[in-house]
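Survey of secondary and tertiary structure
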Amino acid sequence: MGKRALSMNRTLAWMLMVGYTALLVLLLVISLYWISNTQYEVERAEDEALAGYVDRASDEMSMLERHIYDTYATNRDFLALSGLQSYTENYETAYYLREAMTSKMFLENYIHGFAIFYDNLSNVWYRTKDNVYLTNDEMRQAVEAIRPGVLSIVRQRTWERLNIGGEPVMVVTCRRDNAAISGMYCLKDAGDIGSGLRRPGQVAILTDVGEALRGAELADALGLAQRLPADGGLFSQRLGGYRVHARRIPQANLWIVLAVKIDLWSLLNAWQLGLLLLTTASVVAVILLYSFFRREFLRPTRELTQAMEQLRQGEISEVPTLDVRFTEMREVNRTLARMVSEIESQKVKIYEEIIEKQKAQMQYLQLQLRPHFYLNGLKTINALAINGDTEAIQSMVYAVSDHLRFLFRESQLVRLSEELDFTENYVALQRQTAARDIRLEVDADPAVREWLVPILCVQTFVENSVKYARTAVSGAPLAMEVRVDMLATEEGRYIDLIISDNCQGYSDDVLERVNSGNFGDDGRAVGIGNILRRCRLLYGERAELRFYNEGGAVSELILPELSEDEGEARQEEART
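The sections below set out a description of the structure shown in this document. (Residues numbered from 1 in each chain as written. Predicted model: local features only at pLDDT ≥ 70, side-chain atom pairs only at ≥ 80, totals over all residues. Heavy atoms only, no water.)

Each helix and strand counted, the protein chain has 15 helices and 17 strands in total. In the protein chain, buried positions account for 42% of the 576 residues. Considering only contacts within the protein chain whose residues lie at least 6 apart along the sequence, 62% involve residues at least 24 apart. Accessible surface computed for the protein chain: about 31700 Å², of which carbon and sulfur atoms make up 52%. (Helix = DSSP H or I, 4+ residues; strand = E, 2+ residues; numbered from the N terminus. Buried < 20%, exposed > 50% of the residue type's maximum accessible area, 1.4 Å probe, protein only. Contact = heavy atoms within 4.5 Å. Areas by Shrake-Rupley, 256 points an atom, 1.4 Å probe, with all protein chains shown as cover.)

As structure tokens, then:
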């Protein structure tokens, strides 16, 4: 069993596309995995940076709270200030306590500032790390903001949140009787959370109720007040083109939010971008390669295959010259063109021989027909001349000239309506000279009156009846009938021509000749023989001709429908 035939063009195109698709999928999978893994690492680094800051801030606030409480509980100076002393004693005690707190502040990073209230909270001493956090004016504002809260504290520690100079400051205070001490923790350095990240981020600080203490514009743009959860301490989402990470400082009831803008460089690094560019370049390269492959190989191969198919079906007679670059394809094109040229030259010689043979045969048939009808016309005019009917002769000359003009037409095919009109004109001419009554009845389907039929295909049989038919009763009229119907079959539409008369019918010898198509050279049934031969030349085996007797001679022609284009082609063949 032979192998199944494949299309080379289709197979090569599929191999190219499947191979590249597999490579492209591999590159895309690698790129996506790499990018996804990098994004995971970047987001984890951002979250870890935020978590580190929040944990550090929480620990430092816890240490500040513990230190303030220890001072409140155990420091002798603070305990002395809380009791009743003179103004001088309170001043001196507050001074020593301030110096101790100042030393502690500069030793520990978690203390950003402090305030000591004494003399029944009417006086205050304060200090801050001047290089980073609060100026004296800001500290004074902070103290004045703290004072109302301090007055309400009774032997307990509490955190209070202030916003000084646009920065949130957390203050923890402990009070004992006539004295109180406050420690300050500023969140100003929260803006440095994203400094060590791949892409710097923006920081916002919000309270539990959604009040923005820092980064109010960012918070409003991202709708953070509505999105941060009421409970829990973590939040991570993509909002408005940002990656948003948020963590809560439990002591302060504050959310620290880190928002990193998402752009190309936040998604890709240089190596990843290079890989994507390489993948894109490979797509462009493959498109160009496929275009070149299709233009220089697939298209010429397809055109060459189509040309061979058209040659096989006879639609073209020569191989077109292909515009190709490959030497091998050009050589195949030239070789095939030479082979086809040689074959066509041989075919032309054979066709010329066939056409010459058909031409000679058609000319021979026409030479047989034209003298036959021409002499019959002259005989008719001669009969009128013998009778001396000059007016009738003149009328007959015009009628016979029209008759002969139709006979001498170059066309081998005429419309059925023209053939029927010619036949009726012929019968009218015969009525003028014949000694008997001649009747012709024509019944033609209007649907086929404009169909093309061989010239004289009706008149020939009518003329035979006029010339040779004899009725059974002397003096009885010669009655002829022409019936034309359309036949619709699976193979197409046909015209059914039936010409009959009421006379003695065909002789057995003539029936044998016309039904077998065996015509000799004895001059008998020349007209019918010519019709038969011309139908064979024009229609081939598609035409069917039947002759029989049924109350007289019956001639039946079944001819296929010819379109205008087919008719012109057949007539052109007949003329050549």
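On to the pairing of strand β9 (residues 242–249). Buried residues dominate β9, accounting for 7 of its 8 residues. Bridge analysis of strand β8 (residues 234–239) against β9 gives 6 bridges, and the strand direction is antiparallel. By the bridge assignment, Phe 235 is partnered in β9 with Ala 246. Direction of pairing for β9 relative to strand β10 (residues 254–261): antiparallel, over a ladder of 8 bridges. (Pairing = 2+ DSSP bridges.)

Moving on to the sheet that holds β10. Strand order in the open sheet made by the 5 strands is β7-β6-β10-β9-β8, with antiparallel pairing throughout. Unpaired on one side and paired on the other, β7 (212–214) and β8 mark the two borders of the sheet. Strand-to-strand twist across the sheet, computed as the mean angle between neighbouring axes with direction ignored, equals 25°. (Axes fitted to C-alpha atoms, helices over the stretch in contact; angles between N-to-C directions.)

Here helix α14 (residues 526–539) is 14 residues long and its end C-alpha atoms lie 20 Å apart, about the 20 Å a rise of 1.5 Å per residue gives. Among the 14 residues that make up α14, 10 are buried, leaving the element largely enclosed by the rest of the structure. Among the residues of α14, Gly 527, Ile 528, Gly 529, Asn 530, Ile 531, Leu 532, Arg 534, Cys 535, Leu 538 and Tyr 539 are the ones counted as buried. (Expected span 1.5 Å × (residues − 1).)

Moving on to the side chain of Asp 501. When you line up the elements, Asp 501 lands in strand β15 (residues 492–501). By relative accessible area, which is 8% here, Asp 501 ends up buried. Engagement of the side chain of Asp 501 in a polar contact is seen with the backbone nitrogen of Ala 553, the distance being 2.9 Å. Those residues in contact with Asp 501 that sit more than four places away from it in its chain are Ser 465, Ala 469, Leu 478, Ala 479, Met 480, Gly 551, Gly 552 and Ala 553. (Polar contact = N/O pair within 3.5 Å; in protein donor to acceptor, adjacent residues only side chain to side chain.)

What follows deals with the side chain of Thr 423. Tracing the chain through its elements places Thr 423 in helix α11 (residues 416–433). A residue is classified by how much of its surface remains accessible, and Thr 423, at 1% relative accessible area, is buried.

The strand order β12-β14-β15-β17-β16 describes an open sheet built from 5 strands, whose pairing is mixed. In this open sheet, the two edge strands, each paired with only one partner strand, are β12 (438–444) and β16 (544–549). Put simply, the sheet's adjacent strands are angled 15° from each other on average, direction ignored. Where β16 and strand β17 (residues 553–560) come together, 6 bridges link them in antiparallel fashion. Across the sheet, the residue bridging to Asn 549 is Ala 553, located in β17. Set on the sheet, α14 makes contact with β16 and β17; between it and β16 the angle comes to about 155°.

Moving on, we come to the nonpolar core. Here is a general trend for soluble globular proteins: nonpolar side chains tend to be buried in one another's company. Formed by 48 residues in total, the largest nonpolar core has its most connected members in Val 462, Phe 547 and Leu 557. Excluding residues that lie within four positions of it along the chain, Val 462 makes contacts with Thr 423, Tyr 426, Val 427, Met 480, Val 482 and Ile 499. Of all hydrophobic cores here, the second largest spans 40 residues; its members include Tyr 72, Cys 174, Ala 190 and Leu 258. (Core = buried A, V, L, I, M, F, W, Y, C linked by side-chain atoms within 4.5 Å.)

Now for a nonpolar patch on the surface. Taken together, Leu 23, Leu 26 and Ile 30 make up a surface patch of nonpolar side chains, about 270 Å² in accessible area. Looking at the element boundaries, Leu 23 is found in helix α1 (residues 8–74). (Patch = residues over 30% accessible without salt bridge, like charges linked within 9 Å, V, L, I, M, F, W, Y side chains within 5 Å. Salt bridge = Lys/Arg side-chain N within 4 Å of Asp/Glu carboxyl O.)

Running from N to C, helix α12 (residues 459–468) and α14 point in directions that differ by 165°, and their axes come no closer than 9 Å. Looking at the two axes, α12 sits roughly antiparallel to α14. With respect to the hand of their crossing, α12 and α14 are arranged in left-handed fashion. Residues Thr 460, Phe 461 and Asn 464 of α12 form the contact with α14, whose participating residues are Gly 527, Ile 528 and Ile 531. For the contact of α12 with α14, the per-class residue count stands at 3 nonpolar, 3 polar and no charged. (Parallel < 35°, antiparallel > 145°, perpendicular 65-115°, else oblique. Left-handed = near helix turned anticlockwise from the far one by under 90°. Nonpolar A, V, L, I, M, F, W, Y, C, P; charged D, E, K, R; others polar.)

Read these as geometric descriptors, not functional statements.
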